[in-house]
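Tertiary structure, described
Listed below, chain by chain, are the residues.
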Amino acid sequence: LSEMDDVSSMSLDFTVTEEIMGLRTEVELVKGGAMREVTNGNLAEYLKANLRYRIFDRTKLQLTELLLGFFYVIPVSALTVFDPNELELILCGLSEIDMVDWQANTKYSGIYSGTSAKVVEWFWQVVEKDFDQEMRARLLQFVTGTSGVPSRGFSVLQGIDGNIKKFTIHGVEKSEQVLPRSHTCFNRIDLPNYSTKKELRYQLKTAVTMGAVGFGMR
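Computed from a predicted structure; not experimentally measured.

Re the overall build of the protein chain
If you tally the helices and strands in the protein chain, you get 7 helices and 6 strands. Along the chain direction, N to C, the helices and strands of the protein chain fall in the order β-β-α-α-α-α-β-α-α-β-β-β-α. In terms of overall dimensions, the protein chain is more spread out than a globule: its C-alpha atoms have a radius of gyration of 23 Å, far above the 17 Å expected for 218 residues. In terms of overall dimensions, the protein chain has a C-alpha envelope of 65 × 50 × 30 Å along the principal axes. For the protein chain, buried positions account for 35% of its 218 residues. A separation of at least 24 residues holds for 58% of the contacts in the protein chain among residues at least 6 apart in sequence. Once the 24 positive and 28 negative side-chain charges of the protein chain are each reduced to a mean point, those two points are 6 Å apart.

Below you can see the structure in the form of structure tokens.
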């Protein structure tokens, strides 16, 4: 729809049609949606409302029952001290991360592309020697959005589109940014060109521990 010259030619309105047990029902995405035509001017609003309905409103009843059951076992008050990433680590545990596999299936771009940059060498030394298993999992979570490694290893690490997106270290000048920045959609960390390993260790640990999932979108 977003690529059409004139979306109004589709004769859409702010509704969706659901069929449940043979009964077709029209659901309004917004108040008065049946009377609102979708045009190029309000297309973004329509797409957002459609997505919200399909992801949340459509399954609200089921999600409510699921949450009630979950909170019956674990009181909500016991969960408020954790952010989503910490909760994932608690529920899923810490997987053993194969450093050899991780390094073998990492790509390099930016100012580190095609080079054996000292900063890259320092990065792996810090991750392997200075980070414990939890910090490695947090680093992986920071860059990819999850602390888990695919069962077949880093070679099949996927991006948000379901395609293979290998872990990538993208080199940037320190003048552009101070802290490392992650792009979880495509498993990339932007790593500034630090002057010492000590500085890299400090800034990387700061980003990982303070940033949770610190993704950027471009």
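What follows continues from the structure just given.
Points about the environment of A104
Here A104 shows up in helix 4 (residues 99-104). Residues A104 and S155, spaced 51 residues apart in sequence, show a C-alpha to C-alpha distance of 8.4 Å.

What to know about a nonpolar patch on the surface
Nonpolar side chains collect at one region of the surface, where L51, I55, F56, L63 and L66 lie side by side and expose about 500 Å² of accessible area between them. If you list the elements that add at least two residues to the nonpolar patch, you get helix 1 (43-55) and helix 2 (60-73). Relative to the helices and strands, F56 is located in the loop between helix 1 and helix 2.

Some words on the nonpolar core
Of all hydrophobic cores here, the largest spans 29 residues; its most connected members are W102, F123, L139, F167, L200 and L204. Going through the elements one at a time, helix 4, helix 5 (118-130), helix 6 (133-144), strand 4 (167-172), strand 6 (188-192) and helix 7 (197-211) are the ones with two or more residues in this core. Sort the elements by how many residues they give to this core and helix 5 lands first, with 7 residues. In contact with L204, other than residues within four places in its own chain, are F123, V126, V127, F131, L139, P180 and I189.

Some details on the packing of aromatic side chains
In total, this model carries 6 aromatic pairs according to the counting rule given. An angle of 80 degrees between the planes, with centres 5.6 Å apart, marks the rings of W102 and W124 as edge-to-face. Within this pair, whereas W102 is found in helix 4, its partner W124 is found in helix 5, the two being separated by 22 residues in sequence. We classify W124 as buried; its relative accessible area is 6%. With 5.0 Å between their ring centres and 80 degrees between their planes, F123 and W124 make a pair best called edge-to-face. Judged by relative accessible area, F123 falls into the buried class, the value being 0%.

Some words on the confidence of the model for the protein chain
Per-residue confidence for the protein chain gives a mean pLDDT of 87; residues scoring 70 or more make up 93%. Taking the mean pLDDT of every element in the protein chain, the minimum, 74, falls on helix 3 (residues 84-92) and the maximum, 95, on strand 6.

A few points about the pattern of salt bridges
Counted by the stated rule, this structure contains 10 salt bridges. Among the salt bridges present, the one from K174 reaches E199, with a minimum N-O distance of 3.1 Å. Here K174 is found in the loop between strand 4 and strand 5 (181-183), whereas its partner E199 is found in helix 7, with 25 residues between them in sequence. The network of salt bridges with common partners includes R181, R188 and D190.

Some details on helix 2
In a regular helix each residue adds 1.5 Å, so 14 residues correspond to 20 Å; helix 2 covers 20 Å between its end C-alpha atoms and thus fits that length. Burial runs low along helix 2: only 0 of the 14 residues are buried.

Overview of the environment of G32
Turning to its location among the elements, G32 is positioned in the loop between strand 2 (23-28) and helix 1. Judged by relative accessible area, G32 falls into the partly exposed class, the value being 29%. Separated by 19 residues in sequence, G32 and D13 place their C-alpha atoms 9.9 Å apart.

Some remarks on the sheet that holds strand 3 (residues 106-110)
The mixed open sheet is built from 4 strands, whose spatial order is 3-4-6-5. Here the strands that pair on one side only, and so sit at the sheet edges, are strand 3 and strand 5. Averaged over all pairs of adjacent strands, the angle between their axes in this sheet comes to 25 degrees, without regard to strand direction. Across 3 bridges, strand 5 lies against strand 6 in antiparallel orientation. Bridge pairing links H183 to R188 in strand 6.

Definitions and limits used
- The residue numbers shown here count from 1 along each chain, following its written sequence.
- Two thresholds apply to this predicted model, a pLDDT of at least 70 for residue-level local features and 80 or more for giving and counting side-chain atom pairs, whereas whole-chain, interface and lining totals are computed over all residues.
- For the side-chain quantities, the full set of heavy atoms in the structure was used; hydrogens and water were omitted.
- Each helix corresponds to a stretch of at least 4 residues labelled H or I by DSSP, and each strand to a stretch of at least 2 residues labelled E; elements are numbered beginning at the N terminus.
- Values of the radius of gyration come from C-alpha atoms, whereas the globule rule sets the reference at 2.2 Å times the count of residues to the power 0.38.
- The rule is simple: take the accessible area with a 1.4 Å probe, protein chains only, and divide by the maximum for that residue type; under 20% is buried, over 50% is exposed, in between is partly exposed.
- Any two residues whose heavy atoms approach within 4.5 Å at even a single point are treated as in contact.
- The convention is simple: Lys and Arg are positive, Asp and Glu are negative, and His and the chain ends are not counted.
- Here the site of a charge means NZ on Lys, CZ on Arg, CG on Asp, or CD on Glu.
- Like-charged residues within 9 Å of one another, or nonpolar side chains (Val, Leu, Ile, Met, Phe, Trp, Tyr) within 5 Å, are grouped into patches, provided each residue has over 30% relative accessible area and no salt bridge.
- Calculation of accessible area relied on Shrake-Rupley with a 1.4 Å probe; when residues are assessed, cover is drawn exclusively from the protein chains displayed.
- Salt bridge, as applied in this entry: a Lys or Arg side-chain nitrogen positioned within 4 Å of an Asp or Glu carboxyl oxygen.
- Take the buried Ala, Val, Leu, Ile, Met, Phe, Trp, Tyr and Cys residues and link them wherever side-chain atoms come within 4.5 Å; each set so joined is a nonpolar core.
- Only rings of Phe, Tyr and Trp enter the pairing, Trp through its six-membered ring, and a pair is recorded when the two centres are within 6.5 Å. The plane angle decides the type: under 30 degrees is stacked, over 60 is edge-to-face, the rest tilted.
- Each residue carries a pLDDT score, the predictor's own confidence in it, on a scale running from 0 to 100.
- Expected span of a helix, by definition, is 1.5 Å for each gap between consecutive residues, and there is one gap fewer than residues.
- Between any two strands, at least two bridges found by DSSP are needed for them to pair.
- The axes are straight lines fitted to the C-alpha atoms, using for helices just the contacting stretch, and the angles between their N-to-C directions are given from 0 to 180°.

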